[in-house]
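# Geometric and topological summary
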Amino acid sequence: MKVFMVPLNSLILYDLIERFGHEPLSLMGEMRDRVVNAEIEAPPLNLTPDDLKVGLNYAGIEIPSGIRGRMSIWGPLLEKAEAAIIMHDMPYTYGCVGCHRSNILLNHLVRKKDIPLLEVHYPNDDEEAKILVARVKAFLEGLNGN
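In this text the structure is predicted, and so the values were computed from the model without any measurement. (Residues numbered from 1 in each chain as written. Predicted model: local features only at pLDDT ≥ 70, side-chain atom pairs only at ≥ 80, totals over all residues. Heavy atoms only, no water.)

## Quick notes on the overall build of the protein
Defined as follows: For the purposes of this entry, the term helix denotes a DSSP run of H or I that reaches at least four residues, the term strand denotes a run of E that reaches at least two, and both are numbered from the N terminus. Note on classification: 1.4 Å probe, protein chains only; a residue is buried when its accessible area is under 20% of the maximum for its type, exposed when over 50%, partly exposed between these limits. Note on contacts: a residue pair qualifies if any of its non-hydrogen atoms lie within 4.5 Å across the two residues.
Of regular secondary structure, the protein possesses six helices and four strands. Listing each helix as α and each strand as β along the protein from the N terminus yields β-α-β-α-α-α-β-α-β-α. Counting the 146 residues in the protein, one finds 42% classified as buried. Taking all contacts inside the protein whose residues are at least 6 apart in sequence as the whole, residues at least 24 apart take part in 62%.

## Describing the environment of Y14
By the element assignment, Y14 lies in helix α1 (residues 11-19). Counting along the chain gives 11 residues from Y14 to L25, while the straight-line C-alpha distance between them is 8.1 Å.

## Some remarks on the side chain of S72
Filter applied, for reference: Whenever two N or O atoms come within 3.5 Å, that pair is a polar contact, provided that in protein one can donate a hydrogen and the other can accept it, and provided that, for residues adjacent in sequence, both atoms are side-chain atoms.
Within the secondary structure, S72 is located in helix α4 (residues 65-80). A relative accessible area of 2% places S72 in the buried class. Of note is the side chain of S72, whose polar atom sits 2.6 Å from the backbone oxygen of G69. Residue contacts for S72: discarding those within four places in its chain leaves R34, L47, D51, L52, V54 and G55.

## Re the pairing of strand β1 (residues 2-6)
To be explicit about the condition: When DSSP finds two or more bridges between two strands, those strands count as paired. With the strands aimed away from the viewer, a crossover counts as right-handed if its path from the first strand over the helix to the second runs clockwise.
Most of β1 sits out of view: four of its five residues are buried. As judged from the three bridges shared by β1 and strand β2 (residues 23-25), these two strands associate in the parallel manner. Across the sheet, F4 pairs through a bridge with L25, a residue of β2. What joins β1 to β2 is α1, and the crossover it makes is right-handed. Inspection of the sheet shows β1 paired to strand β3 (residues 83-88) by four bridges, in the parallel sense. Residue V3 lies in a different strand from β3, and its bridge partner there is A83.

## Focus on unusual backbone geometry
A cis amide bond, omega 5°, links V6 with the succeeding residue P7. One can find P7 in the loop between β1 and α1. The backbone of D89 shows a phi angle near 60°, a positive value even though the residue is not glycine.

## Section: the packing of α4 against helix α5 (residues 100-112)
The angle between the axes and the distance between the axes are what describe a pair of packed helices. Selection rule: Under this scheme, a helix contributes an axis fitted over its contacting stretch, all axes are lines through C-alpha atoms, and angles between N-to-C directions fall in the 0 to 180 degree range. Throughout, the term roughly parallel applies to angles under 35 degrees, roughly antiparallel to angles over 145, roughly perpendicular to angles from 65 to 115, and oblique to all others. When the near helix sits turned anticlockwise from the far one by under a right angle, the crossing is termed left-handed; a clockwise turn instead gives a right-handed crossing. Nonpolar residues are Ala, Val, Leu, Ile, Met, Phe, Trp, Tyr, Cys and Pro. Charged residues are Asp, Glu, Lys and Arg, and all others, Gly as well, are polar.
Two numbers describe how α4 lies on α5: the axes approach to 10 Å, and their chain directions differ by 25°. As summarised for this structure, α4 and α5 are arranged roughly parallel, according to the angle between their axes. Classified by chirality, the crossing of α5 by α4 is right-handed. Across the interface between the two elements, I67, R70, M71, W74 and L78 from α4 touch R101, S102, N103, L105, L106, L109 and V110 from α5. Taken together, the residues of the contact of α4 with α5 sort by class into eight nonpolar, two polar and two charged.

## Description of the packing of α1 against helix α6 (residues 126-142)
As a packed pair, α1 and α6 sit with axes 10 Å apart at the nearest point and diverge in direction by 40°. Compared by their axis directions, α1 and α6 come out oblique. For the pair α1 and α6, the sense of crossing is right-handed. The segment α1 lies against α6, with L13, L16 and I17 engaging V133, V136 and L140. Classifying every residue of the contact of α1 with α6 by side-chain character gives six nonpolar, no polar and no charged.

Listed below in structure tokens is the structure:
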């Protein structure tokens, strides 16, 4: 099953999703494809004019361009999702938290999509980390297809 994760570059969630037999939908994989794609003329921007048009499907023209740019990549990944995990309260240095408004929009779109969803909080100590892993494991094992 394809599992969307927020933040999209969480190595913790990526590893857990893959470890329990599902396909993580990640920013890392998407950006790898863009960087090695010969169509991209201006790395590190890695967006084509068509990408920006795709972003308009998720955020209107009056929304800042950074949000539209992020949604041009994140939105199609979310379309593929069959389940999702959202992690809250990450340190600002963890994951893709550079644009808080993008994350608010992304979380809204994930919740609006009718798929199984687990919301967890970033652990602050070893005990909370064990609880996080147990909750994610139970969620992933409960999904159809595993």
